[in-house]
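# Working through the structure, step by step
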Amino acid sequence: MDRGSSEIVLIAGNSHPDLAQKIASLLGVRVGNCSVYHSSNRETVVDIGESVRGRDVYIIQTGSKDINNSIMELLIMTYACKTSSARNIVGVIPYLPYSKQSKMRKRGCIVSKLLATMMSKAGLTHIITMDLHQKEIQGFFNFPVDNLRASPFLLQYIQESIPDYRNAVIVARNPGSAKKATSYAERLRLGIAVIHGEQKESESDEVDGRNSPPVVPSSRTMDVGLDLMPVPAAKEKPPINVVGDVGGRIAIMVDDLIDDVESFVAAAELLKERGAYKIYVLATHGILSSEAPRLIEDSAIDEVVVTNSIPHEVQKMQCHKIKTVDISILLAEAIRRIHNKESMSYLFRNVTLED
């Protein structure tokens, strides 16, 4: 660190200790003494073993498979630092939990807004995250959010680890991923293909209740004539198809996260039918829930490349096709720049909004 490393405290929850150690090593500091455990009744207990008074605290905690425990650990660690008079409390959250629930659905709620409010109330003053599912989530917070990009690392992987990548085509798994795919294609000077007509509903097509008039019980109140209102035509997806030529090419699908892999497996089968001879899937966050490793192992996908924003060592043991790109250096540099009050612009160089 360039400036008083004695002023910085780096602590971590239980979600990703390996990433915390890598970041600490790059910064030349140690992971602080902080014990996070569960009591006999499963309540989360935090014990910070060193003074944080008047110091800058960086809490490393990502969204792991045990998502709700990870959130409670983060909130309690944050509040413990706040009540111990820490000067600044920065959450280093590579994968922000509940970021997929950022839109209203029927009679549900926008959970990511709720989480933002909870983090603010707990005492966070800044967040460092990576490749938010929707960039507009930054507006839910009333403090600064640095949304870093993993695309430079994934682009480097394509150029260095995929033989004959010049014969590749970047594939958007659905029309919603077309912007990201276009950004990758322009950087690599490659063509683009889009899979259209996927059976699974996209988020924008999910029924949220706003197009359906409420059922009006018969009463003596005035009837405004709901039956005269125009009824929107039902959306009908065409058969699944690939827009673009993938015959005799390497197909590289890009996305921000990969969780349930059924849609990726179906897309890979289609690309194989259309003549793609090798299929890669690249994503920032590898959640890889449930049967994902087995499905990938048995699929037409040749390789799944994700960053270590989320721990997935167990999944890698179950599936040899899963590869990892280390992004700890990006998070460490972001912490260093924030702590030294340096510009963050360097970390966003050559990065477009579509990434």
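One can find the structure itself at the top, above this paragraph.
In what follows, the accompanying structure is described. (Residues numbered from 1 in each chain as written. Predicted model: local features only at pLDDT ≥ 70, side-chain atom pairs only at ≥ 80, totals over all residues. Heavy atoms only, no water.)

## Describing empty space enclosed by the protein
Across all of its chains, the model carries one cavity of 30 Å³ or more by this definition. Forming the boundary of the largest cavity are Gln 61, Thr 62, Gly 63, Ser 70, Ile 71, Leu 74, Ile 93 and Pro 97. Residues of the lining of the largest cavity, tallied by class, amount to four nonpolar, four polar and no charged. (1 Å grid on protein atoms, 1.4 Å probe; cavity = no way out; pocket = protein on both sides within 12 Å on 5 of 7 lines; lining within 4 Å. Points joined across faces, edges and corners; volume = space filled by probe spheres on them. Nonpolar A, V, L, I, M, F, W, Y, C, P; charged D, E, K, R; others polar.)

## Points about the environment of Ile 296
Tracing the chain through its elements places Ile 296 in helix H7 (residues 292–297). For the pair Ile 296 and Ile 322, spaced 26 residues apart in the sequence, the C-alpha separation amounts to 8.5 Å. The contacts of Ile 296, once residues within four sequence positions are left out, are Val 261, Leu 288, Ile 301, Val 304, Cys 319 and Lys 321. (Helix = DSSP H or I, 4+ residues; strand = E, 2+ residues; numbered from the N terminus. Contact = heavy atoms within 4.5 Å.)

## Quick notes on helix H5 (residues 178–188)
Three or more residues of H5 are buried, namely Lys 180, Ala 181, Ser 183, Tyr 184, Ala 185 and Leu 188. Contacts made by the buried residues of H5 are with helix H4 (151–161), strand S8 (168–172), strand S9 (191–196) and strand S11 (250–258). (Buried < 20%, exposed > 50% of the residue type's maximum accessible area, 1.4 Å probe, protein only.)

## Re the sheet that holds strand S13 (residues 303–307)
Here seven strands make up an open sheet; going across it, the order is S10-S9-S8-S11-S12-S13-S14 and the pairing mixed. Edge positions in the sheet fall to strand S10 (241–243) and strand S14 (322–325), since each has one partner strand and no second. Direction aside, the axes of adjacent strands within the sheet are offset by 30 degrees on average. With eight bridges joining them, S11 and strand S12 (residues 278–286) adopt parallel strand pairing. Bridging across to S12, Ile 258 finds its partner in Gly 286. Most of the contacts of helix H6 (residues 262–273) go to S11, to which it runs at about 170 degrees, and overall it touches S8, S9, S10, S11 and S12. (Pairing = 2+ DSSP bridges. Axes fitted to C-alpha atoms, helices over the stretch in contact; angles between N-to-C directions.)

## Structural notes on the pairing of strand S2 (residues 34–38)
Here S2 pairs with strand S3 (residues 44–48) via five bridges, running antiparallel. By the bridge assignment, His 38 is partnered in S3 with Thr 44.

## A few points about unusual backbone geometry
With glycine set apart, most residues show a phi of negative sign, and most peptide bonds adopt trans. Even without being glycine, Ser 85 reaches a positive phi, approximately 70 degrees. Summarising the element assignment, Ser 85 is placed in the loop between helix H2 (67–83) and strand S5 (88–93). The partly exposed category is assigned to Ser 85, whose relative accessible area is 33%.

## Points about the sheet that holds S5
The five strands lie next to each other as S1-S4-S5-S6-S7, forming an open sheet whose pairing is parallel. The open sheet has two edge strands, strand S1 (8–12) and strand S7 (145–148), and neither has a second partner. Within this sheet the neighbouring strands show an average axis-to-axis angle of 15 degrees, counted without direction. With five bridges connecting them, S1 and strand S4 (residues 56–60) associate as parallel partners. Bridging from a neighbouring strand, Ile 8 pairs with Asp 56 of S4. Where H2 meets the sheet, it contacts S1, S4 and S5, and its direction lies at approximately 170 degrees from that of S4.

On their own, these measurements won't tell you what the molecule is for.
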